[in-house]
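# Chain and residue survey
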Amino acid sequence: MTTPALDQRPSPSRTLRLAVAQSTVPEDPTDRGALRAAGQEIRALMAEAAGTGAQLVQFPEGAIVYPSKHVMAAGSNGKLVPADWSRAAWDVMREEAESIAALAGELRLWTAFGSLHPLTPPRRPHNSLFVVSDRGELVARYDKRFLSHTEVSYLYTPGREPLVFEVGGIRIGCALCVEAHFPSLFAEYERLDVDCVLLSVMVDDAPRARVAQAYGTLYSYWLGYAVPAQFSTTVPSGIVAPGGRWLAQCPADGQPAVVVADIDLDSADPDIDVALRHARPWRRRAQEGLYKDQLVAGDPRSDIRTAF
């Protein structure tokens, strides 16, 4: 299916101020105090983001909690076993999520944060990114589709579909952690005409950040890259511009922080201008039959590949 031309899409707004946070992610969903501390830290960073004029703030995968396999799936003999999710403090997770949503409404700040979403027992939960509007309403949830071997074997239920939501006319897609290693997912978001992808991770891995930059180059959209504060000394949270360079990054000091940059569809920045108005439309045309009438068959100078 051909996607609409970038300059033909109705757009109530052409600019969005995006904040990307690095918060401390706990790994034990049975630790009620750690869950509450994570929620408190998220809300403090939300207030900081709102103070910069941000309209949307992104948090890491599992911002309320990302359960360690050693906590939830460790058997008595040291081998991994299916997680016992009845041990998790679901009531605290829900309370913290509701408090985050309430503050989003007070601050008039769209908020995307990672946590778990329980299913009907005995099904395993989704690993999700929750999207709360500036009215404090939960308007969407992205469920991680591509899981690691450990996640799908012992921990989670995979999701089924992409998520695109809009903030002021800016189209935003979502992805989580190991999904960075599946280029088809990011190509799909390009076809869905997004302006930005939020890639939230729970990993201490410099190459994954380089992959995020690569998608900014390949698909000419912005990326928010949110990493836990405890892993930020390797690569901190930040925002990648169309074309692939970092627009802004948090300090690489292991501490909670937030950074902001503008998604500006009319940007005069030379790199962004080339990526948005030349590279991305050209790649679309190149994949939609641009070369069809210029292909040659039956010319021996083309068909024979063993002669100079």
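Our structure's up above, just so we're on the same page.
Because the structure is predicted, anything quoted here is derived from the model rather than measured.

## Quick look at empty space enclosed by the protein
Empty space among the atoms becomes apparent when a probe as large as a water molecule is rolled across them. Enumeration according to the criterion identifies one cavity of 30 Å³ or more in this entry. Its volume calculated, the largest cavity comes out at about 30 Å³. Along its surface, the largest cavity is lined by Val-203, Asp-204, Asp-205, Ala-206, Tyr-225, Val-227, Phe-231, Thr-234 and Val-235. Split into classes, the residues belonging to the lining of the largest cavity amount to six nonpolar, one polar and two charged.

## Details of the side chain of Glu-96
Positionally, Glu-96 belongs in helix H3 (residues 90-107). Owing to a relative accessible area of 5%, Glu-96 belongs among the buried residues under this scheme. Reaching out from Glu-96, the side chain makes a polar contact with the side chain of Arg-36 at a distance of 3.4 Å. Other than its neighbours up to four places away in sequence, Glu-96 contacts Leu-35, Arg-36, Gly-39, Gln-40, Arg-43 and Ile-64.

## Quick look at the sheet that holds strand E7 (residues 170-176)
Taken in spatial order, the six strands line up as E6-E7-E8-E9-E10-E11 in an open sheet, and their pairing is mixed. Each edge of the open sheet is held by one strand with a lone partner, namely strand E6 (164-167) and strand E11 (246-249). Strand-to-strand twist in this sheet, taken as the mean axis angle between neighbours without regard to direction, amounts to 20°. Those strands touched by helix H5 (residues 183-191) are E6, E7, strand E8 (196-200) and strand E9 (222-226), and its axis lies near 170° from that of E7.

## Regarding the pattern of salt bridges
Enumeration over the complete set of coordinates arrives at 19 salt bridges. For Arg-36, the salt bridge goes to Glu-96, with nearest N and O atoms at 3.4 Å. Of this pair, Arg-36 sits in helix H1 (residues 32-51) while Glu-96 sits in helix H3; the two residues are 60 residues apart in sequence, bridging distant segments of the chain. What makes Arg-36 partly exposed here is its relative accessible area of 34%. Here Glu-190 makes a salt bridge to Arg-280, at a shortest N to O gap of 2.9 Å. On the criterion of sequence distance, the pair formed by Glu-190 in helix H5 and Arg-280 in helix H7 (residues 270-286) is long-range, its members being 90 residues apart. Among the residues examined, Arg-280 registers a relative accessible area of 3% and is labelled buried. Each of Arg-36, Arg-43, Glu-95 and Glu-96 takes part in one network of salt bridges that share partners.

Rules behind the numbers
- Residues numbered from 1 in each chain as written.
- Predicted model: local features only at pLDDT ≥ 70, side-chain atom pairs only at ≥ 80, totals over all residues.
- Heavy atoms only, no water.
- 1 Å grid on protein atoms, 1.4 Å probe; cavity = no way out; pocket = protein on both sides within 12 Å on 5 of 7 lines; lining within 4 Å.
- Points joined across faces, edges and corners; volume = space filled by probe spheres on them.
- Nonpolar A, V, L, I, M, F, W, Y, C, P; charged D, E, K, R; others polar.
- Helix = DSSP H or I, 4+ residues; strand = E, 2+ residues; numbered from the N terminus.
- Buried < 20%, exposed > 50% of the residue type's maximum accessible area, 1.4 Å probe, protein only.
- Polar contact = N/O pair within 3.5 Å; in protein donor to acceptor, adjacent residues only side chain to side chain.
- Contact = heavy atoms within 4.5 Å.
- Pairing = 2+ DSSP bridges.
- Axes fitted to C-alpha atoms, helices over the stretch in contact; angles between N-to-C directions.
- Salt bridge = Lys/Arg side-chain N within 4 Å of Asp/Glu carboxyl O.

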